[in-house]
Amino acid sequence: MLTAHSHRFSRRAFLTSAAATLALLSTTSLTGAAMALEPVSGQFDFDSFSARMRDLAGRPYQSPELIDSEAYTGLNYDGYRRVQFNTKKARWLGDDHGFQIQAFPPGWLFKEKVSVYEITDGDSHPFAFNSDDFIYHFDDKAEREKMETAEFPGIAGFRINYPLNRPDVADELVAFLGASYFRALGRGNIYGSSARGLLINSWRDGPEEFPRFSEFYIERPSEKGPLTVYAALESQSVTGAYRFVIHPAGESQQETIMDVTARLYFRTDIAEMGIAPLTSMFLFAETNRHEFDDFRPQVHDCSGLVIEPEAGLPQWRQLNNNEQLGNSYFWDANIRAFGLYQRNREFESYQDAGAHYERRPSMRVEPTGNWGQGQVRLIEIPAKSETDDNIGAFWIPNEPPKAGEAREYGYRLIWGDLMPRDDDALAHVVETRIGQGGVSGVENAASLRKFVIDFDGGRLAELSPDTVFEVEATASAGEIVGSTFSQIEANGLWRLVLDVETEGQSLIELRASIGSGGEPLTEAWLYQWRGVPA
């Protein structure tokens with residue numbers, strides 16, 4: 001995730017096991033400002049909560065108080081991992097609805113505590129967590145006793161467990177930890193990409209601002225109902241009231257679905273606001289594997305950005321990891337959906353028996369209602385390690401918010417495999433490869449680059465190889481000097497090959513799609529080629 005000081009994505013340092021519950025978000029070194037907001041027990045409803053956050057926006061901003069506990073503030077990465085929630089102390093353990101609430105301790109990177117309340121029959125009251133809810137796995141007896149007897153400063157976040165994969169095991173389903181970051185899983189997935197409540201001024205002049213979820217209210221669900229979580233968001237420029245209605249994955253659906261409502265109240269003007277921000281990692285794939293001395297064919301949590309505009313073809317923007325920062329903007333009058341997808345689900349494509357990148361969830365944002373004109377922005381930050389979350393995607397409204405203004409955004413956020421459907425009308429991009437252009441076996445100009453795009457699905461499978469196809473390919477600079485489209489006999493995929501002359505260019509926007517008889521057959525493939533600056 002982007003840090004306010006370095007403008008780099010730093011990422012979780014651990015991925016699996018009991019530490020995977022911490023995984024949420026060793027991603028952040030953020031101690032971004034928030035406020036000292038006093039939660040109130042008693043009657044709770046979303047409208048009253050929203051009014052409270054609106055009123056708060058009219059008051060001066062206050063920085064949060066950091067935890068005051070030498071035992072916890074002194075924890076390093078390894079020490080933090082040794083403080084684990086006792087799953088036998090989970091709230092709602094054994095209830096018929098299946099959900100459980102567990103807490104993250106403070107310490108290491110997480111110096112700010114959050115308040116977590118339970119809502120029962122319309123009334124809120126604190127979830128009272130203390131040191132007895134945690135197990136301290138320290139080999140040194142004195143160190144263990146120090147932690148066990150230290151005054152407990154409060155919790156840094158929480159996770160929601162649910163029978164995601166088996167009816168007798170409550171797997172981690174959702175976790176909230178660090179600034180406004182959160183993660184969720186579909187059935188069979190493991191943690192990878194993450195989402196945020198709000199993004200403010202990322203990779204612009206001056207530091208990025210990190211709004212923080214400081215309060216949570218979790219509504220006790222009915223036996224079969226979804227789980228609803230409310231969150232208070234606050235920073236120097238904005239306050240917000242959030243509602244997450246969580247429909248967990250299970251036997252009936254692979255995806256976990258969140259219906260999100262964000263009510264925002266602005267203290268100051270904001271230059272650029274990102275709605276439904278998504279964060280991920282792309283290190284290398286078939287486009288840039290030659291730059292990494294690694295036995296694995298691919299390393300990434302997601303491979304592409306999906307954009308579904310109000311009109312026109314759906315778009316697959318292949319991700320990139322280049323030596324130069326990448327910024328791309330995709331304008332639309334009323335965006336239908338966007339998301340960061342992990343399309344390749346084959347272990348053989350990654351060969352990582354520990355990280356299992358083939359199981360990382362895709363994330364899809366579907367606006368509810370009309371968001372109006374705006375842009376999806378994609379940020380691609382140079383990365384040398386898979387511990388760097390170097391990809392960001394979010395929607396920017398055409399009109400930036402002003403001080404005193406209030407806005408509401410609703411969207412559905414879907415976590416899961418999100419694989420193309422067998423009945424999709426259009427073929428989808430399977431893989432993108434890049435290499436030396438021209439004819440193999442002869443010397444070609446170094447500036448000639450070859451782009452190889454494989455498609456599958458849609459109506460292509462029904463067509464004869466003798467079909468007359470129309471290749472729609474454009475380049476913003478340079479020149480497309482050759483193109484072919486044909487079926488690969490070995491695997492049945494259809495392959496588009498473009499030779500592009502890049503001499504004298506440092507950035508070229510490429511776009512291609514296939515049709516026949518004036519009708520589209522594929523989604524649009526997009527790529528931003530970045531060469532050595534002149």
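Look up a bit, the structure's there.
Residues numbered from 1 in each chain as written. Predicted model: local features only at pLDDT ≥ 70, side-chain atom pairs only at ≥ 80, totals over all residues. Heavy atoms only, no water.

So, the overall build of the chain
- Check the secondary structure of the chain and you find four helices and 34 strands.
- Taken against the 2.2 N^0.38 rule, which gives 24 Å for 534 residues, the C-alpha radius of gyration of the chain at 24 Å falls within 12% of a compact globule.
- Projected onto its principal axes, the C-alpha coordinates of the chain cover approximately 75 × 55 × 50 Å.
- Looking at the chain as a whole, 58% of its 534 residues qualify as buried.
- In the chain, of all internal contacts separated by at least 6 residues, the share reaching a separation of at least 24 is 70%.
- Accessible area of the chain: about 21800 Å², with a carbon and sulfur share of 46%.
- One finds the centroid of the 50 positive side-chain charges in the chain at a distance of 4 Å from the centroid of its 78 negative side-chain charges. (Helix = DSSP H or I, 4+ residues; strand = E, 2+ residues; numbered from the N terminus. Rg over C-alpha atoms; globule rule 2.2 N^0.38 Å. Buried < 20%, exposed > 50% of the residue type's maximum accessible area, 1.4 Å probe, protein only. Contact = heavy atoms within 4.5 Å. Areas by Shrake-Rupley, 256 points an atom, 1.4 Å probe, with all protein chains shown as cover. Lys, Arg positive; Asp, Glu negative; His and termini not counted. Charge placed at Lys NZ, Arg CZ, Asp CG, Glu CD.)

Structural notes on the environment of Leu-227
- The topology assignment puts Leu-227 in strand β13 (residues 227-234).
- Separated by 31 residues in the primary sequence, Leu-227 and Met-258 have C-alpha atoms spaced 9.5 Å apart.
- If near-sequence neighbours (up to four positions away) are discounted, Leu-227 is found in contact with Trp-92, Phe-99, Ile-160, Ile-218, Glu-219, Pro-221, Phe-244, Val-245 and Ile-246.

With respect to the pattern of salt bridges
- With the rule as written, the count across this model stands at 31 salt bridges.
- Residues Arg-296 and Asp-294 are paired through a salt bridge, measuring 2.8 Å at the closest nitrogen-oxygen approach.
- Using a relative accessible area of 8% as the deciding quantity, one classes Arg-296 as buried.
- Notably, a salt bridge pairs Lys-450 with Asp-499, separated by 3.0 Å at the nearest N-O pair. Note that Lys-450 is positioned in strand β28 (residues 448-456) and Asp-499 in strand β31 (residues 494-501), a separation of 49 residues in sequence. Summarising the burial analysis for this pair, Lys-450 and Asp-499 share the class buried.
- Residues joined by salt bridges that share partners form a network here, namely Asp-294, Arg-296, Asp-352 and Glu-386. (Salt bridge = Lys/Arg side-chain N within 4 Å of Asp/Glu carboxyl O.)

A word on the nonpolar core
- Core analysis: the largest hydrophobic core is formed by 90 residues, its most contacted members being Tyr-242, Phe-244, Met-258, Ile-275, Trp-371 and Leu-413.
- Setting aside anything within four residues of it in sequence, one finds Phe-244 in contact with Phe-176, Phe-182, Phe-213, Leu-227, Thr-228, Val-229, Ala-231, Met-258, Asp-259 and Val-260.
- Listed in part, the 28 residues of the second largest apolar core include Phe-451, Leu-460, Ala-512 and Tyr-527. (Core = buried A, V, L, I, M, F, W, Y, C linked by side-chain atoms within 4.5 Å.)

Some words on the side chain of Glu-308
- By the element assignment, Glu-308 lies in strand β19 (residues 304-308).
- Excluding residues that lie within four positions of it along the chain, Glu-308 makes contacts with Pro-314, Ile-335, Arg-336, Ala-337 and Arg-364.

Quick look at the environment of Val-481
- Mapping Val-481 onto the fold places it in strand β30 (residues 479-487).
- Here the alpha-carbon distance between Val-481 and Ala-406, two residues 75 residues apart in the chain, equals 51 Å.

Quick word on the sheet that holds β28
- Spatial ordering of the open sheet is given by β27-β28-β31-β30, a layout of four strands whose pairing is antiparallel. Pairing within the sheet leaves two strands with one partner each, and these edge strands are β27 (428-436) and β30. In this sheet, adjacent strand axes meet at a mean angle of 15° when their direction is disregarded.
- Where β30 meets β31, eight bridges bridge the pair, whose relative direction is antiparallel. Along β31, the bridge assignment pairs Ser-483 with Leu-498. (Pairing = 2+ DSSP bridges. Axes fitted to C-alpha atoms, helices over the stretch in contact; angles between N-to-C directions.)

Considering the packing of aromatic side chains
- Applying the stated criterion across every chain, the model contains 42 aromatic pairs.
- Relative to Phe-485, the ring of Phe-455 has its centre 6.4 Å away and its plane inclined at 70°; by these criteria the two rings are edge-to-face. Placement of Phe-455 in strand β28 and of Phe-485 in strand β30 is noted, with a sequence separation of 30 residues between them.
- Judged by relative accessible area, Phe-485 falls into the buried class, the value being 14%.
- Among the aromatic residues, those joined into a cluster by ring pairs are Phe-158, Phe-176, Phe-182, Phe-213, Phe-216, Tyr-242, Phe-244 and Trp-415.
- Note that Arg-159 overlies the ring of Phe-104, its terminal NZ or CZ placed 4.9 Å from the centroid. (Phe/Tyr/Trp six-rings, centres within 6.5 Å; stacked < 30°, edge-to-face > 60°. Lys NZ or Arg CZ within 6 Å of the ring centre and 35° of its normal.)

Observations regarding helix α1 (residues 46-57)
- If you check α1, its first and last C-alpha atoms are 17 Å apart, about what twelve residues at 1.5 Å a residue would give, namely 16 Å.
- For α1, the set of buried residues is Phe-46, Phe-49, Ser-50, Met-53, Leu-56 and Ala-57. Down the axis of α1, the buried set is contained in an arc of 120°. They therefore lie on one face.
- If you follow the buried residues of α1, they end up packed against β12 (212-219), β13, β14 (238-247) and β15 (256-266). (Expected span 1.5 Å × (residues − 1). Arc of directions from axis to C-beta.)

Quick look at empty space enclosed by the protein
- Taken as a whole, this structure holds four cavities of 30 Å³ or more when the rule is applied.
- The space that makes up the second largest cavity amounts to roughly 80 Å³.
- Taken together, Gln-298, His-300, Ser-303, Trp-316, Gln-318, Arg-343, Asn-344, Val-429, Val-430 and Glu-431 make up the lining of the second largest cavity.
- Of all the secondary-structure elements, those providing two or more residues to the lining of the second largest cavity are β20 (315-318) and β27.
- A total of three residues in the lining of the second largest cavity trace back to one element, the largest contributor, which is β27.
- The residue inventory of the lining of the second largest cavity, partitioned by class, reads three nonpolar, five polar and two charged. (1 Å grid on protein atoms, 1.4 Å probe; cavity = no way out; pocket = protein on both sides within 12 Å on 5 of 7 lines; lining within 4 Å. Points joined across faces, edges and corners; volume = space filled by probe spheres on them. Nonpolar A, V, L, I, M, F, W, Y, C, P; charged D, E, K, R; others polar.)

Topic: unusual backbone geometry
- The backbone of Asn-201 shows a phi angle near 60°, a positive value even though the residue is not glycine.
- Within the secondary structure, Asn-201 is located in the loop between β11 (199-200) and β12.
- You can call Asn-201 buried: its relative accessible area is 17%.
- With a phi angle near 50°, Leu-418 is a residue other than glycine that sits in the positive phi range.
- With respect to the helices and strands, Leu-418 occurs in the loop between β26 (406-416) and β27.

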